[in-house]
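# Tertiary structure, described
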Amino acid sequence: MILSGKEILAQLGKKIIIEPFNPARLNSNSYDLTLHNELMIYEEVVLDMRKPNRVRRLIIPEEGLVLTPHQLYLGRTVERTETYGYVPMIEGRSSVGRLGLFVHVTAGFGDVGFRGYWTLEMFAIQPVRVYPGVPICQIFYHEIKGEYEEYKSDKYQDNQDIQPSLLFKELNPDLCQKPRSNLPFGIEEIRG
């Protein structure tokens, strides 16, 4: 079963933490999460699952940033969440989907016990302008039946930032370096 908005509110501060929380973003059975002002793109032409891939940061200016087709953008939510005793999931908002923007390519399913920011795998069908702080997706919660262990991961738990793929940690555990996020030319602010 999916929790109602009233039940999300009742569990807030107990089994559900959403920080910051804005009551205006609470829906009948979900809560709208907003887009942070940073995005990340991969620098590699061919992404390698067994290795860290170089990334570059983009800042979304107040006047917005146009996302172009055929480019994967990694973003994150402004909100940090924690979920205990429920399975959190995110879905793109229908109003965003109707603009041809996929908010999570495949990873909308969360784990019981996840703590952190949600990384968004964004892909545009046609050019679309995005803005910092826009309600981009919604989080909702499923009840879980049976015994379970809470999520534990040295990859994504307690993240503080956008998380590029860390699959290489599973496929190549001897490789202990992280994806390079601070390239010499630094953060790029794109107007457009």
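Residues numbered from 1 in each chain as written. Predicted model: local features only at pLDDT ≥ 70, side-chain atom pairs only at ≥ 80, totals over all residues. Heavy atoms only, no water.

## Looking at the overall build of the protein
To keep things clear, this is the line we draw: Only runs of H or I of at least four residues qualify as helices and only runs of E of at least two qualify as strands under DSSP, and these elements are numbered from the N terminus. The globule rule used here is 2.2 Å times the number of residues to the 0.38 power, and the radius of gyration it is set against is calculated over C-alpha atoms. The cut-offs for exposure are 20% and 50% of the maximum accessible area for each residue type, with area from a 1.4 Å probe on protein chains only; residues under the lower value are buried, those over the upper are exposed, and the others partly exposed. The contact criterion used is simple: two residues touch if any of their non-hydrogen atoms lie within 4.5 Å. Here, Shrake-Rupley sampling with a 1.4 Å probe gives the accessible areas, and only protein chains in the shown set may cover a residue.
Regarding its fold elements, the protein presents three helices and twelve strands. The C-alpha atoms of the protein give 17 Å as radius of gyration, which agrees with the globular expectation for 192 residues (16 Å, within 12%). With 192 residues in all, the protein has 44% of them scored as buried. Sequence separation of 24 or more characterises 75% of the internal contacts of the protein that already satisfy a separation of 6 or more. A total of about 10500 Å² of accessible surface is found on the protein, and carbon and sulfur atoms cover 52% of it.

## Structural notes on the nonpolar core
Our working rule: Among the buried residues, those of types Ala, Val, Leu, Ile, Met, Phe, Trp, Tyr and Cys that are joined through side-chain atoms within 4.5 Å form a nonpolar core.
Ranked by internal contacts, the top residues of the largest apolar core, which has 31 residues, are Leu39, Leu67 and Leu101. Of all the elements in the fold, those that place two or more residues in this core are β1 (16-19), β2 (31-34), β3 (38-42), β5 (65-67), β7 (86-92), β9 (115-124), β10 (128-130) and β11 (135-143). Beyond its immediate chain neighbours, meaning those up to four positions away, Leu67 contacts Leu39, Tyr73, Leu101, Met122, Ala124, Gln126, Pro127, Val128 and Val130.

## Some words on the side chain of Gln163
Along the chain, Gln163 turns up in the loop between β11 and α3 (168-171). Dropping the residues within four chain positions of it, Gln163 is found in contact with Leu74, Thr119, Lys155 and Tyr156.

## Overview of the packing of aromatic side chains
Note the cut-off: Any Phe, Tyr or Trp ring, taking Trp's six-membered ring, that has another such ring centre within 6.5 Å forms a pair; planes under 30 degrees apart are called stacked, those over 60 apart edge-to-face, and the others tilted.
Under the defined criterion, the tally for this structure stands at three aromatic pairs. On the numbers, 4.9 Å between centres and 20° between planes, the contact of Phe21 with Tyr31 is stacked. Remark: Tyr31 occurs in strand β2 and Phe21 occurs in the loop between β1 and β2; sequence separation between them is ten residues. Ring-pair connections join several aromatic residues into one group, and the members of that group are Phe114, Trp118 and Tyr151.

## Some thoughts on the side chain of Arg56
This is how it is decided: Polar contacts here mean pairs of N or O atoms no more than 3.5 Å apart (in protein, one a potential hydrogen donor and the other a potential acceptor; neighbouring residues in sequence count only if both atoms are side-chain atoms).
The residue Arg56 is located in strand β4 (residues 55-59) in this model. A distance of 2.7 Å separates a polar atom in the side chain of Arg56 from a polar atom in the side chain of Glu43.

## Observations concerning the sheet that holds β11
To be explicit about the condition: Between any two strands, pairing holds if DSSP finds at least two bridges. In this analysis an axis means a line fitted to C-alpha atoms, helices contributing only their contacting stretch, and an angle means the value between N-to-C directions, from 0 to 180 degrees.
Pairing is antiparallel across the open sheet formed by three strands, whose spatial order is β2-β11-β7. Strands at the two margins of the open sheet, each flanked by one partner only, are β2 and β7. Averaged over all pairs of adjacent strands, the angle between strand axes in this sheet comes to 35°, irrespective of strand direction. Relative to β11, β2 is paired through four bridges, and the arrangement is antiparallel. What sits directly across from Leu33, in β11, is Cys137.

## Considering the environment of Met89
Of note, Met89 is situated in strand β7. Contacts of Met89, omitting those with residues within four sequence positions, involve Gly108, Phe109, Gly110, Trp118, Gln138, Ile139, Phe140 and His142.

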